[in-house]
Amino acid sequence: MHDGTITFDYMPSQFITFTLEEGYRYSDVPYWSGRGGITPPGGNNGSPAQYACAGGAASGLGYGTPLGQVNQACGGSLTSTSSIWWPDLRTNQTNTTLAIKVRF
């Protein structure tokens, strides 16, 4: 993993500061949540120990079950994993922060 940050501060008077900060993080393992999120479609299905199907329902099968069987339980084929829901994890993240700091 590595990350970096660059910050720009503008202080027009001694009582106010404007801050603009840009940060970037990278990992060789998918770690940060992407736009698709980490919650299955339709929200929590009530069975956290089971794989979730792409439609949001619980598969009825948990960790240790071959993925082909899980995919079949979700309505797919035994040779694929396309019917299983997977969280959208990314290997990088960029954050931008704008702050106004006031001293009273």
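Conventions adopted
- Residues numbered from 1 in each chain as written.
- Predicted model: local features only at pLDDT ≥ 70, side-chain atom pairs only at ≥ 80, totals over all residues.
- Heavy atoms only, no water.
- Pairing = 2+ DSSP bridges.
- Helix = DSSP H or I, 4+ residues; strand = E, 2+ residues; numbered from the N terminus.
- Contact = heavy atoms within 4.5 Å.
- Buried < 20%, exposed > 50% of the residue type's maximum accessible area, 1.4 Å probe, protein only.
- Polar contact = N/O pair within 3.5 Å; in protein donor to acceptor, adjacent residues only side chain to side chain.
- Phe/Tyr/Trp six-rings, centres within 6.5 Å; stacked < 30°, edge-to-face > 60°.

Student: Tell me what's going on with the pairing of strand β5 (residues 58-62), and back it up with residues and numbers.
Tutor: With two bridges joining them, strand β4 (residues 50-52) and β5 adopt antiparallel strand pairing. For Gln50, the partnering residue across the bridge sits in β5 and is Gly62. Counting the residues that bridge the hairpin from β4 to β5 gives five residues, and of these Gly56 lies at a positive phi of roughly 105°.

Student: Can you explain the environment of Arg25? Please cite residues and give values.
Tutor: Inspection of the secondary structure puts Arg25 in strand β2 (residues 16-26). Arg25 sits 73 residues away from Leu98 along the chain, and the two C-alpha atoms are 18 Å apart. When near neighbours in sequence (up to four residues on either side) are disregarded, Arg25 contacts His2, Asp3, Trp32, Thr91, Asn92, Gln93 and Asn95.

Student: Could you give an account of the side chain of Thr65, with specific residues and numbers?
Tutor: The topology assignment puts Thr65 in the loop between β5 and α1 (67-73). Residue Thr65 is classed as buried on the basis of its relative accessible area of 18%. At a separation of 2.9 Å, a polar atom in the side chain of Thr65 contacts the main-chain carbonyl oxygen of Gly62.

Student: With reference to specific residues and values, describe the pairing of β2.
Tutor: Of the strand pairs in this sheet, strand β1 (residues 2-13) and β2 are connected by ten bridges, and their pairing is antiparallel. Residue Asp3 lies in a different strand from β2, and its bridge partner there is Arg25. Following β1, the chain reverses through two residues before pairing antiparallel with β2.

Student: I'd like a description of the packing of aromatic side chains, backed by residues and values.
Tutor: How two aromatic rings sit relative to each other is given by the distance of their centres and the angle of their planes. Going through the model one piece at a time under the given rule, you end up with three aromatic pairs. Here the aromatic rings of Tyr31 and Trp32 are separated by 5.1 Å at their centres, their planes lie at 85°, and the arrangement is edge-to-face. Pairing Tyr51 with Trp86 gives two aromatic rings, centres 6.4 Å apart and planes at 70°, and the pair type is edge-to-face. Note that Tyr51 is positioned in strand β4 and Trp86 in the loop between α1 and β6 (89-90), a separation of 35 residues in sequence. Judged by relative accessible area, Trp86 falls into the partly exposed class, the value being 42%.

Treat this as a map of the structure, not an account of what it does.
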